[in-house]
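Listed below are the residues making up each chain.
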Amino acid sequence: MCFNYDLVLIFGYNEPRLKFIFLLTDLSQILRNLNKTRIPTLSGDKWMSNAPVDTGRRRFLTAATAVVGGAGAAAVAVPFIKSWNPSAKAKAAGAPVEVNISKVEPGQLIRVEWRGKPVWVVRRTKEILDGLPAIDAQLRDPDSVEPQQPAYAQNTGRSIKAEYFIAVGLCTHLGCSPTYLPDTFGEQVEGVASGFFCPCHGSKFDMAGRVFQGVPAPLNLVIPPHQYIDDGTVIIGVDKGAA
Ligand code: FES
């Protein structure tokens, strides 16, 4: 998908050769991912098999992918190489994003885009922070043992500054974007006032992005690398290891 996105930035959606590349790329990707589930992780999206190995089917998919990929390369190799000249915009597709958080109100969530994904910044209130430890027993990974965050965010609030929760807004089940419920999360989990609910298959996350037990999502939400350059500005996508 990143491959496609970069090419769009370079050529635009209406480039005929690009449409042909998309068709071939998407077809081969679909063939490869037929039996897999995408799980967002800190180190990148992972595809996990959810079906027993079928060697005959695997041989067919491998052969089909090779044929499709080979045909695509032969058809577009020369004109594509001629026009390959990454623009500054394409380079910026993976660049860090600077976010002004000085005007975020308590309880408010703002969204920014980083590497084509939604990233949330939520300003947590004292009540929210005080409530986090109380629900540990209902969570799948309350101590964030799974590496879904940088080391400096492996704490109760999964953050550098407790007041600000910063996370990739994609469910770790199949990648839908959960809904922020600042006041009505109690309808999903009794006694918990706020949290995130994924409408696709019902996964639930607390205000630190920790997944509740008994839902399809296997992991906590991803915390992206980030660092503060002053009290009102955070950069998503880079860090100093322990900024
Ligand atoms: S994608 Fe969120 S619960 Fe399935």
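Residues numbered from 1 in each chain as written. Predicted model: local features only at pLDDT ≥ 70, side-chain atom pairs only at ≥ 80, totals over all residues.

(A) Representation of the pairing of strand 11 (residues 233–236) in the model. Because side chains alternate across strand 11, one face comprises the buried residues Val234 and Ile236, and the other comprises Thr233 and Ile235, none of which is buried. Inspection of the sheet shows strand 3 (residues 97–100) paired to strand 11 by 4 bridges, in the antiparallel sense. The partner of Asn100 across the bridge, within strand 11, is Thr233. Bridge count for strand 10 (residues 226–230) against strand 11 is 4 bridges, and the pairing is antiparallel. Across the sheet, Asp230 pairs through a bridge with Thr233, a residue of strand 11. Where strand 10 folds back onto strand 11 in an antiparallel hairpin, the turn is made up of 2 residues. (Buried ≥ 20, exposed ≤ 12 C-beta atoms within 10 Å, placed from the backbone. Helix = DSSP H or I, 4+ residues; strand = E, 2+ residues; numbered from the N terminus. Pairing = 2+ DSSP bridges.)

(B) How the structure looks around the environment of Ile160. Along the polypeptide, Ile160 turns up in the loop between helix 5 (126–131) and strand 6 (164–168). The class for Ile160 is buried, based on 20 C-beta atoms found within 10 Å. Spatially, the C-alpha atoms of Ile160 and Tyr228 are 8.6 Å apart, while their sequence positions differ by 68 residues.

(C) Local environment of the nonpolar core. Val119, Trp120, Phe165, Ile166, Ala167, Val168 and Ile236 are the most contacted members of the largest nonpolar core, which has 32 residues in total. Of all the secondary-structure elements, those providing two or more residues to this core are strand 5 (117–123), strand 6, strand 8 (195–197) and strand 11. Look past the residues within four positions of Val119 in its chain and what remains in contact with it is Arg111, Val112, Trp114, Ile166, Val168, Gly169, Pro224 and Ile236. (Core = buried A, V, L, I, M, F, W, Y, C linked by C-beta atoms within 7 Å. Contact = placed C-beta atoms within 7 Å.)

(D) Broad picture of the sheet that holds strand 8. Spatially, 3 strands are ordered 7-8-9 in an open sheet, and the strand pairing comes out antiparallel. The open sheet has two edge strands, strand 7 (179–181) and strand 9 (204–205), and neither has a second partner. As paired elements, strand 7 and strand 8 share 3 bridges and run antiparallel to each other. Bridge pairing in strand 8 links Tyr180 to Phe196.

(E) Structural view of the environment of Gly237. Among the secondary structure elements, Gly237 is positioned in the segment after strand 11. Taking the number of C-beta atoms within 10 Å as the measure of exposure, Gly237 has 16 and is therefore partly exposed. Along the chain, Gly237 and Val97 lie 140 residues apart, while their C-alpha atoms are 6.6 Å from each other.

(F) Spotlight on unusual backbone geometry. With a phi close to 55°, Ser144 is a non-glycine residue in the positive phi region. Residue classification places Ser144 among the buried residues on the basis of 21 C-beta atoms within 10 Å. In this model, Arg158 sits at a positive phi of 50°, which is unusual for a non-glycine residue. On the secondary structure map, Arg158 appears in the loop between helix 5 and strand 6.

(G) How the structure looks around the environment of Cys200. As for its placement among the helices and strands, Cys200 is situated in the loop between strand 8 and strand 9. Using a count of 14 C-beta atoms within 10 Å as the deciding quantity, one classes Cys200 as partly exposed. Separated by 26 residues in sequence, Cys200 and Leu174 place their C-alpha atoms 8.5 Å apart. What Cys200 contacts, discounting residues up to four positions off in sequence, is Cys171, Leu174 and Cys176.

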